[in-house]
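So the chains spell out like this:
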Amino acid sequence: QWTNCSYFPGKDLPGCRTLVITIIDSRDAGPPTVAGGMTVDVLDTGNVRNYPAASARAVSRSPVMEGNFGPSGLRIIEVEARDPTGNHSYVGYGDTVTLRFDVPTDRAGYVVNTSLDTQEVLAMFNLSVSLAPVLVGSWQDDQTFTITLHGRPATGDRLPYIGEFFVRVKPEGRLRLNPPTSGPTDTVSPTLTGGFGPSLLFLRLLSAEDGPPEPDPIFNELDTITLVFTAPTNRAGYPPEGNLTKQDVDHLIVFSDEIGADYKAQWANSSALVITVLDVYAPPTLYWCEPRVACVHEKCALCEGHLSRTPCVIQLSDSTLAYQLMNEGEAGCMHCPSPGVVDTIIDQWGKSSDTYPNTTGCPDCPTPLFNYMNRGLCQWSDNGGYRPPEIGKLQATIRTEAGLREVPSVLDPTNGIDKSGALQKPYLVDGFGYSPIKITSLVAADPDSGDSVFGNGDTITVRFSEDTNRANLPETNMTKALIDSLLVFSQSLGTNYEGIWVSRSELRITVLNSKDHQQPLMQQFFVTTRKEAGLRNFPAVSVATVVSGTDAGITYLDGEFGPSAIFIRYFRASSPEARSDVYNVGAAFSIQFSETTNRGGLPQTGVTKAQLDNLLGFSSDLRGDPHPLGLDYEGTWEDDDKRLVVRVTAVDPAEPKGPPPLSGGNFRVAIKASGDLRNVPPTSARTVIDDDSRAAKGVGGAQYLGMDCDCCRTCGTGCA
């Protein structure tokens, strides 16, 4: 349509300056573009002349079309920061900020991969804060523009923080859609993502804690796991007062093991997240052991004679189970084999149940549901799926896609790990409850019975009240340093020793060099576990054990470092206070031992009848066993504790057995184990001297000095 028309006098048709073309159907259009795009040619055939028509027909070309066919819908969908080198953690030289558009642009007329200087970049884009003194821009393609920083922001300038910095496209920059048919865009970007270098936010602590209502030593509902970071975080966008569901936690954190079937979490503050366990029973998990053995987390309830798509359990002898995964595969569903068809199943794997080797394919069975590997198979523990996260084993990794960062941040999202190694990835510490472990016994032994004193080759066995995690120490070949990291000895055992875990509840220490030892004594020596060693129950869920005994008190060393060499040199009767023809008060019995003794722990003097009866046993070949010395007597240790003198303080004339029959070696004394008589220092076994052992040592019956000899009225032949 012609517009902007006027009439010349005498002319019927107007002369017009403007031709407006209205597009009725744009299909198959170029389309017509602006800003360096479409031009219009006036053709000779159009018979366009001046008005009134006096000139020749016009033939010409228009300037490039201006204007636009409508507003721009061009949008920036992402602004991403990046440190291409990954070698610094700040906004600096070489870092980039990349703008990504939703559709192709005309690049404001610039050529792809051509460097634009700071002025050209800022002519197109308005930055919310300065990035660097010098910028270099480049179109990577029609939808991607990258700004490279040459330098660092000026001191005092606000940094381009992640989640804050944005970009606005300047209309005067004439950035349009491609092909350029729209008007210039003035779109505003979303806030900055990515990061200007590796995160400096790390997970520094993973801590377990017992929950309400009552203290216990196990992993239980309402127990907590707390993650503590090195700096305040953005909480990954979660509100500080809101609860995170299990799904939220799983989106944020990857744990190295199950932490239960259900849990929730809440940020205690911006640097600490507390996870509360709601259900400790972990879901069934399948563990493959090469070549085809599977450790599974549930029994197959419908195993015999049924089709099954669940893990199927095959019973072996000695409570060992083999497992075969029965599910729908290329061959379809398989029948579960009946219990007892073990050889067939094992043969399918190409191994015999008797020769099946250990495997590295499944080095750790899930515990405690499966306690340990046995020829590549898992030992079953039927406890309903309870598999706690273990102290010293559980670790956590932060998912970078969750976007957890320090605040304010210019760096990448964290995965919680310090790649420099300056801060080690933490293991779970503390505990889900108190330690129930006690030291129930501490037993000395001399395996070769070569002597009666502490020395090389002797052993001390520490027995705990229940299975332990062995403090994560090796089962065998424990060095002195490792043992010392676990135990504190009340007296030194020497310059070298080694250890072996006989079981999870029993540690045996063997002395290799007893030089400079401090004499570990029976009923005096004890051990204490070190907190820093991390000895815990098994599975390891309790706090570290610090214990020296049981609730009743310290557990002292018992047992012996060799057989007792003590024997009785002589056993003599006398009446030192008065000669009498009757057995009466004042009679004395001297027991001379071969070496200094520990007195059985008795006092030097004033040893009571009860204490003496616990140590000594008197017998008569003529009148039966036992044969009392009298109604009461007391003892005194003499001769450097080598001799015990027992003096009668009260007699019973009506005693049916009469006085001790002293003639003919018919009255004897025995040393009881209950008396705990040992060498000095007390390292030997308890001294036990009965009739047989005394005879073997050539010790006869009582000799008598200065008193009537049984029925004799005066000392006769043979009386000393």
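Residues numbered from 1 in each chain as written. Predicted model: local features only at pLDDT ≥ 70, side-chain atom pairs only at ≥ 80, totals over all residues. Heavy atoms only, no water.

## Digging into the environment of L159
Then, number 1: Relative to the helices and strands, L159 is located in the loop between β9 (144-150) and β10 (167-169).
Then, number 2: Residues L159 and V410, 251 residues apart in the sequence, show an inter-C-alpha distance of 7.6 Å.
Then, number 3: If we skip the residues at most four places from it in the chain, L159 touches V129, P153 and V410. (Helix = DSSP H or I, 4+ residues; strand = E, 2+ residues; numbered from the N terminus. Contact = heavy atoms within 4.5 Å.)

## Digging into the nonpolar core
Then, number 1: With 33 residues, the main nonpolar core has L227, L252, I253, F255 and I275 as its most contacted residues.
Then, number 2: Those elements that place two or more of their residues in this core are β12 (203-209), β13 (224-229), α2 (246-252), β14 (253-255), β15 (262-269), β16 (272-279) and β23 (396-398). (Core = buried A, V, L, I, M, F, W, Y, C linked by side-chain atoms within 4.5 Å. Buried < 20%, exposed > 50% of the residue type's maximum accessible area, 1.4 Å probe, protein only.)

## Details of the pattern of salt bridges
As a working rule, side chains carrying opposite charge can pair if their charged atoms are close by.
Then, number 1: Counted under the stated rule, the structure contains 26 salt bridges.
Then, number 2: Note that D142 and R107 form a salt bridge whose closest N and O atoms lie 2.3 Å from each other. In this pair, D142 is assigned in the loop between β8 (134-141) and β9 and R107 in the loop between β6 (96-101) and α1 (118-124), connecting sequence segments 35 residues apart.
Then, number 3: Overall, the relative accessible area of 24% leaves D142 in the partly exposed class.
Then, number 4: Between E475 and R470 there is a salt bridge, with its nearest N and O atoms 3.7 Å apart.
Then, number 5: Judged by its relative accessible area of 43%, E475 falls in the partly exposed class.
Then, number 6: Overall, R470 belongs to the buried group, its relative accessible area being 13%.
Then, number 7: One salt-bridge network, in which partners are shared between bridges, spans D558, D676, R678 and R686. (Salt bridge = Lys/Arg side-chain N within 4 Å of Asp/Glu carboxyl O.)

## Some points on the sheet that holds β16
Then, number 1: Strand order in this open sheet of five strands is β15-β16-β13-β12-β24, and the pairing throughout is mixed. Of all the strands in the sheet, the pair left with one neighbour each is β15 and β24 (428-430). Mean inter-strand twist for the sheet, computed between neighbouring axes without regard to direction, equals 30°.
Then, number 2: For β15 and β16, the ladder comprises seven bridges, and the chain directions are antiparallel. In the strand pairing of β16, D262 is matched with D279. (Pairing = 2+ DSSP bridges. Axes fitted to C-alpha atoms, helices over the stretch in contact; angles between N-to-C directions.)

## With respect to the side chain of T144
Then, number 1: Its place among the elements puts T144 in strand β9.
Then, number 2: The class for T144 is buried, based on a relative accessible area of 14%.
Then, number 3: Setting aside residues no more than four positions away along its own chain, T144 makes contact with T98, L99, R100, S138 and W139.

## Considering the state of the cysteines
Cysteine pairs can be linked by a disulfide, which is a covalent bond between their two sulfur atoms.
Then, number 1: Going through the model one piece at a time under the given rule, you end up with one disulfide.
Then, number 2: For C5, the disulfide goes to C16, at an S-S distance of 1.7 Å. Note on the C5 and C16 pair: the S-S dihedral is about 105°, so by sign convention the disulfide is right-handed. Here C5, found in strand β1 (residues 2-6), pairs with C16, found in strand β2 (residues 15-19); they are 11 residues apart in sequence, far enough to count as distant.
Then, number 3: By relative accessible area, C16 is classed as partly exposed at 27%. (Disulfide = S-S within 2.5 Å.)

## So, the packing of aromatic side chains
Then, number 1: Inspection of the entire model under this criterion finds 16 aromatic pairs.
Then, number 2: Plain terms: the ring middles of F489 and Y497 are 5.7 Å apart, the flat faces sit at 90° to each other, and that makes the pair edge-to-face.
Then, number 3: Aromatic rings pair up to connect F101, F125, W139 and F145 into one cluster.
Then, number 4: In this structure, R504 packs its charged tip against the face of F538, placed 3.6 Å from the ring centre.
Then, number 5: The lysine or arginine in question, R572, covers the ring of Y570, its NZ or CZ lying 3.9 Å from the ring centre. (Phe/Tyr/Trp six-rings, centres within 6.5 Å; stacked < 30°, edge-to-face > 60°. Lys NZ or Arg CZ within 6 Å of the ring centre and 35° of its normal.)

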